[in-house]
Structures are given as structure tokens and as C-alpha cells.
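The primary structure of each chain is shown beneath.
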Amino acid sequence: MIILDTQSWLWWMHDPLKLSKEAFQSINDAEASDGMRVSSISVWEIAVKIELGKLELPLEINEWYQRASTYPNIVIEPLLPVDAIASTQLPGSFHRDPADRMIVALARRYGVPLVTSDVKIRKYKHVKTVW
């Protein structure tokens, strides 16, 4: 199993050529075996970016979500209180973006790699990343 961050999920769904070879292969492998998880905070992040005019999707957000959430071998992980709390108690130094913190907390809870192109997250030594 792997966790996809918001950008990786969007690229996987709409423009997989933007993924690194390693990220693409990891997602393919997970899709064929034990699956992928996406934090529900990513759905919120996407909706906010659409509302602010910073992101366009090929479908209206509700229809897009309906299709994206039923993609084979993907689970939209609900935000659990344990992840919310853990996101405030990440070890070491990590930036303050709440969505990134919750996604990292989710990956840490499962003890699985996080697929991300985000350099700040990739430099964080307390979570395994794939890119």
C-alpha cells in the first residue's frame, strides 16, 4: 500500500506523464496489489483550489469526486482524530501546511511510503517518500 498526496493523485488521474518513473511504477504496483490511499484532506484541498480559481478539472467537482473515489484499488481515507492529533505532533521540524501535515500523519500511521513531488516533504526524514 502507498499514500498519494494531492498533486500525485491529480497527476495519476489526469496527467500521469508528470509523475516520475519511480512514482508511476509505485502507483502501478500498488494498483495491481494492495492499493492506494488518499487522505480526505486532499479532496478538501482540491475543492478549495477550484473555488479560488487555481485549479480546473474536466468535470464539476462532485461528479469528479464520484468518479475519482471509485477508481480501482483506491480508498479515500477519512480524516481520523488520531491523524489530526498526530499532525500537530510530528517529530522534528516540518512546515506548517495543515494538509501536508495530515497527509504525512496518515502515511506515518500506516507506515507506508508517501508518493509526493513536494521537496519539503521529501526532505522530511520521518516519513518514507517515493518520487
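Structure: see above.
This section reports on the structure supplied with the text.

Thresholds applied
Residues numbered from 1 in each chain as written. Predicted model: local features only at pLDDT ≥ 70, side-chain atom pairs only at ≥ 80, totals over all residues. Heavy atoms only, no water. Helix = DSSP H or I, 4+ residues; strand = E, 2+ residues; numbered from the N terminus. Rg over C-alpha atoms; globule rule 2.2 N^0.38 Å. Buried < 20%, exposed > 50% of the residue type's maximum accessible area, 1.4 Å probe, protein only. Contact = heavy atoms within 4.5 Å. Areas by Shrake-Rupley, 256 points an atom, 1.4 Å probe, with all protein chains shown as cover. Lys, Arg positive; Asp, Glu negative; His and termini not counted. Charge placed at Lys NZ, Arg CZ, Asp CG, Glu CD. Pairing = 2+ DSSP bridges. Axes fitted to C-alpha atoms, helices over the stretch in contact; angles between N-to-C directions. Phe/Tyr/Trp six-rings, centres within 6.5 Å; stacked < 30°, edge-to-face > 60°. Polar contact = N/O pair within 3.5 Å; in protein donor to acceptor, adjacent residues only side chain to side chain. Salt bridge = Lys/Arg side-chain N within 4 Å of Asp/Glu carboxyl O.

A separate point is the overall build of the protein. Counting secondary structure elements, the protein contains seven helices and five strands. Element order for the protein, N to C, with α for helix and β for strand: β-α-α-β-α-α-β-α-α-β-α-β. At 14 Å, the protein has a C-alpha radius of gyration in line with the 14 Å of a compact globule built from 131 residues. The C-alpha extent of the protein, read off along each of the three principal axes, is 40 × 30 × 25 Å. Residue burial in the protein is summarised as follows: out of 131 residues, 41% are buried. Taking contacts inside the protein between residues at least 6 apart in sequence as the whole, the part at least 24 apart equals 63%. By element, 54% of the accessible surface of the protein is carried by carbon and sulfur atoms, the whole surface being about 7200 Å². Charge centroids of the protein, computed over 15 positive and 16 negative side chains, lie 9 Å from each other.

Take unusual backbone geometry next. Look at N73: it is not a glycine, yet its phi comes out positive at around 60°. You can call N73 partly exposed: its relative accessible area is 37%.

Bringing the sheet that holds strand β4 (residues 114–115) into the picture now. Taken in spatial order, the five strands line up as β3-β2-β1-β4-β5 in an open sheet, and their pairing is parallel. Edge positions in the open sheet fall to β3 (74–77) and β5 (129–130), since each of these has one partner strand only. Pairing analysis gives four bridges linking strand β2 (residues 36–39) to β3, with the strands arranged parallel. Each bridged residue has a counterpart across the sheet, and for M36 the counterpart in β3 is I74. Of the strands in this sheet, β2 and β3 are in contact with helix α3 (residues 40–51), which crosses β2 at around 55°.

The next point concerns the environment of D83. Along the polypeptide, D83 turns up in helix α5 (residues 81–87). Beyond its immediate stretch of four places on either side in the chain, D83 contacts A105, L106 and R109.

Another aspect to go through is the packing of aromatic side chains. A full pass over the atoms with the stated rule returns four aromatic pairs. Judged by centre distance (5.5 Å) and plane angle (55°), the rings of W12 and F24 are tilted. Linking W12 in helix α1 (residues 6–14) with F24 in helix α2 (residues 21–32), this pair joins segments that are twelve residues apart in sequence.

Here E77 lies in strand β3. Separated by 3.1 Å, the side chains of E77 and R109 make a polar contact. With residues up to four places along the chain from it excluded, the contact list for E77 reads R37, V38, S39, S40, L106, R109 and Y110.

On the secondary structure map, P58 appears in the loop between α3 and α4 (61–68). The spacing of P58 and I3 is 55 residues in sequence and 24 Å in space, taken between C-alpha atoms.

The final tally for this structure, using the stated rule, is five salt bridges. Among the salt bridges present, the one from E77 reaches R37, with a minimum N-O distance of 2.7 Å. Highlighted residues: E77 in strand β3 and R37 in strand β2, separated in sequence by 40 residues. The buried category is assigned to E77, whose relative accessible area is 5%. Judged by its relative accessible area of 21%, R37 falls in the partly exposed class. Linked by salt bridges that have partners in common, R37, E77, D83 and R109 make up one network.

Shape descriptors only; they carry no functional weight alone.
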